[in-house]
Amino acid sequence: MQTFRALVVESGDPQSARIRQARLDELPPGDVLVRVAYSSLNYKDGLAITGAGKVIRSFPMVPGIDLAGVVLESDAPDFKPGDPVLLTGYGIGERHWGGMAELARVRSEWLVPLPQGLTLKEAMGIGTAGFTAMLAVMALEAHGVDKSRELLVTGAAGGVGSLAVALLAQLGYRVVASTGRLGEEGYLRSLGAGEVIERSLLSAPARPLESERFAGAVDTVGGAVLAGVLPRVAYGGSVAACGNAGGARLETTIFPFILRGVNLLGIDSVMCPREKRLLAWQRLAQELPKPLLGAMVQTVELEEVPALAQAILQGQVRGRVVVQLST
């Protein structure tokens, strides 16, 4: 029986995560078998691996909401052995074994052909974080965000935030980066931020309406930070909300919406429709500067993931973590 290396989370009090040899017959159903080259570590993976959040729906589970690799076997007409592919979302690493293993069996409709111009490693440098950032950018564009004003990115030193800063700056926006780690100012300016501000300026209690500063924002934090962003958005502006690291509750007033026409745009990357998904990946391959992507990525081995899962929840991980599974 063929075996492969996998990070497996088991139920218990507390739950445990360990690297072991998994069997091919343990893989869940699917019509495509992928040899995984790379995965990546996201905030949701940190919650799943540590048990800090109720992310995993069944045990045992291989975490990893992203993967990139090469098709080994396929019963689907759209994919054949040797095809390079990537997968983000669709519940992998939560309900279906995910990317932190050398093999993955998945449903073909979840897969995206590797876009031209990207390597498998670069695809995981982008991963769910960059995909989410691009969806946020596309939502802001669709709502006509004014380029003459500044755009805010919160949680800017994290994965989604770093990629949002780089994308928006590349597209010609004047980006203000908010972070709780001012020691990362140099890093954020290297990605294209024109100004870096302390997170506490936003998370402190705000008046129902503050001065109109930002044309819009990509908010990766939620909670008190999002509540502090909304009163500072200019008339007709939009906020793309895509994270809750700062809390799931939103305590605000109706005034930004009814007196300034502010739009609060929800961004979901998990079940994003395929047409939009393919467009977002095409744009990422074309518009994200590779040197900037390289500057925000660190590559680690599977053995390093459990410790990094703790660190990402504590806000101690900068940019993106790519996990190498095979070559």
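Up top you'll find the structure we're talking about.
Fair warning: this is a prediction, and the values are worked out from it, not measured in the lab.

A. Main features of the packing of aromatic side chains. This model, assessed by the stated rule, comprises two aromatic pairs. Between Phe-131 and Trp-281, the ring centres sit 6.1 Å apart and the planes meet at 10°, which makes this aromatic pair stacked. Taken together, the positions of Phe-131 in helix α2 (residues 120-142) and Trp-281 in helix α8 (residues 274-287) put the pair 150 residues apart, joining distant regions of the chain. Like Trp-281, Phe-131 is buried. Positioned above the aromatic ring of Tyr-173 is the side chain of Lys-147, whose terminal nitrogen or guanidinium carbon lies 4.9 Å from the ring centre. Note that Arg-318 overlies the ring of Tyr-187, its terminal NZ or CZ placed 4.2 Å from the centroid.

B. View of the pairing of strand β10 (residues 195-198). Of the strand pairs in this sheet, strand β9 (residues 174-179) and β10 are connected by four bridges, and their pairing is parallel. By the bridge assignment for β10, Ser-178 is matched with Ile-197. Note on the crossover from β9 through helix α4 (residues 185-191) to β10: the handedness is right-handed.

C. The environment of Ala-204, seen in detail. Mapped onto the elements of the fold, Ala-204 is located in the loop between α5 (200-203) and β11 (214-219). Residue classification places Ala-204 among the partly exposed residues on the basis of a relative accessible area of 35%. Each C-alpha atom, one on Ala-204 and one on Ala-224, is 7.4 Å from the other, the two residues being 20 residues apart in sequence.

What counts, and at which threshold
Residues numbered from 1 in each chain as written. Predicted model: local features only at pLDDT ≥ 70, side-chain atom pairs only at ≥ 80, totals over all residues. Heavy atoms only, no water. Phe/Tyr/Trp six-rings, centres within 6.5 Å; stacked < 30°, edge-to-face > 60°. Helix = DSSP H or I, 4+ residues; strand = E, 2+ residues; numbered from the N terminus. Buried < 20%, exposed > 50% of the residue type's maximum accessible area, 1.4 Å probe, protein only. Lys NZ or Arg CZ within 6 Å of the ring centre and 35° of its normal. Pairing = 2+ DSSP bridges. Right-handed = clockwise from strand over helix to strand, strands pointing away.

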